[in-house]
Amino acid sequence: MILPILHKISVEVQDIMSKNKDLTANNSDGTVDENISEANPGSKIQMEQISKTGAVVVTNGRHTIYCLMIFGTIEGHDFAEDSVKTTKYERVIPQLVAIEESPSIDGLLILLNTVGGDIEAGLSLAELVAGMKKPTVSMVIGGGHSIGVPLAVSAKRTFIAKSASMMIHPVRTTGTTLGTSQAFEYLKRMQNRITKFITDNSKIDSKRFLELVTNTSELDMDIGTVLEGKEAVTEGIIDEIGNLSDALARLYDMIDNERAEKNSNSGSKKA
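1. Remarks on the overall build of the protein
Here is step 1 of the chain: In terms of helices and strands, the protein carries 9 helices and 9 strands.
Here is step 2 of the chain: Here the protein holds 271 residues, and 44% of them are scored as buried.
Here is step 3 of the chain: Once local pairs closer than 6 in sequence are excluded, the contacts in the protein between residues at least 24 apart make up 65%.
Here is step 4 of the chain: Surface exposure of the protein reaches about 14900 Å², of which carbon and sulfur atoms provide 53%.

2. A few points about the packing of helix α3 (residues 89–101) against helix α4 (residues 119–130)
Here is step 1 of the chain: Between α3 and α4, the least distance of the axes is 10 Å, while the angle of their chain directions is 10 degrees. On the basis of their axis angle, the class for α3 and α4 is roughly parallel. In this structure, α3 uses Tyr89, Val92, Ile93 and Leu96 to contact α4, whose residues at the interface are Ala121, Ser124, Leu125, Leu128 and Val129.
Here is step 2 of the chain: Residue classes in the contact of α3 with α4 are distributed as 8 nonpolar, 1 polar and no charged.

3. With respect to unusual backbone geometry
Here is step 1 of the chain: Unusually for a residue other than glycine, Ser146 sits at a positive phi of about 55 degrees.
Here is step 2 of the chain: Inspection of the secondary structure puts Ser146 in the loop between β5 (136–144) and α5 (148–153).

4. So, the pairing of strand β2 (residues 65–75)
Every other side chain in a regular strand lies on the same face of the sheet, so the side chains alternate between the two faces.
Here is step 1 of the chain: Judged by how many residues are buried, β2 sits mostly within the fold: 8 of 11 residues are covered.
Here is step 2 of the chain: Strand direction decides the pairing type here: strand β1 (residues 55–58) and β2, joined by 4 bridges, are antiparallel. Looking at the pairing, Val56 lines up with Cys67 of β2.
Here is step 3 of the chain: The antiparallel pairing of β1 with β2 creates a hairpin that spans 6 residues between the two strands.
Here is step 4 of the chain: Taken together, the 10 bridges between β2 and strand β4 (residues 107–117) define a ladder with parallel strand orientation. Among the inter-strand pairings, Tyr66 is bridged to a residue of β4, identified as Leu108.
Here is step 5 of the chain: As judged from the 3 bridges shared by β2 and strand β3 (residues 86–88), these two strands associate in the parallel manner. Each residue of the ladder has a partner; that of Ile74, found in β3, is Thr87.

Calculation criteria
Residues numbered from 1 in each chain as written. Predicted model: local features only at pLDDT ≥ 70, side-chain atom pairs only at ≥ 80, totals over all residues. Heavy atoms only, no water. Helix = DSSP H or I, 4+ residues; strand = E, 2+ residues; numbered from the N terminus. Buried < 20%, exposed > 50% of the residue type's maximum accessible area, 1.4 Å probe, protein only. Contact = heavy atoms within 4.5 Å. Areas by Shrake-Rupley, 256 points an atom, 1.4 Å probe, with all protein chains shown as cover. Axes fitted to C-alpha atoms, helices over the stretch in contact; angles between N-to-C directions. Parallel < 35°, antiparallel > 145°, perpendicular 65-115°, else oblique. Nonpolar A, V, L, I, M, F, W, Y, C, P; charged D, E, K, R; others polar. Pairing = 2+ DSSP bridges.

Shown next, in the form of structure tokens:
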């Protein structure tokens, strides 16, 4: 089932790249069509791309960047309510594979404003991003809550806006739960999986992270901690405070360094 979707996404990415190359082509009278101009961020092609995939390929800068948005609720095995905005993991996974394999795309920028959602869906996306060889940068804008935390730390370099926040809390479950030791052991093991991923991909240690998870003094109706931008950096979950231009600048630098390293290795082999 995933292969046809992957092929479709890959074809769409290549089609977008082909169209982007022609965006600045002149009309017969020597002018540039404003509706499809690459310099116009609201161009028809880009708007269609965002509508279809929740992403956009940006070719205006010195490198080609794929910008992926993770927003609303991360939808997993079950459909969310019709009134809820969602990020569907089965649509994002093929995009990540296509980005990693596309020679036309130099790096990935992930923008997050999510309340969390399905744990296994969120972790699966986070694992894929963490395993990518291409330069990746994430930025939390608004919120990166719950299972959005692993997604936020999955990139090679992570940012958070000054006004953004991250809620860290224990694993929750919906529906029927058996009151057995096995059920609670399963929840504990799931929490350990999340904790390990976050601590493996950030600077916070497991002891401090679990202290934040089990904090009972901050939230009236819940257990956990809400970290604002600067606090998330101080705790070591996020690398630095920044804005969009900071995140793009870092991504460009990572791409430049990767290319310089490849050229250096290529020169050494020839020598």
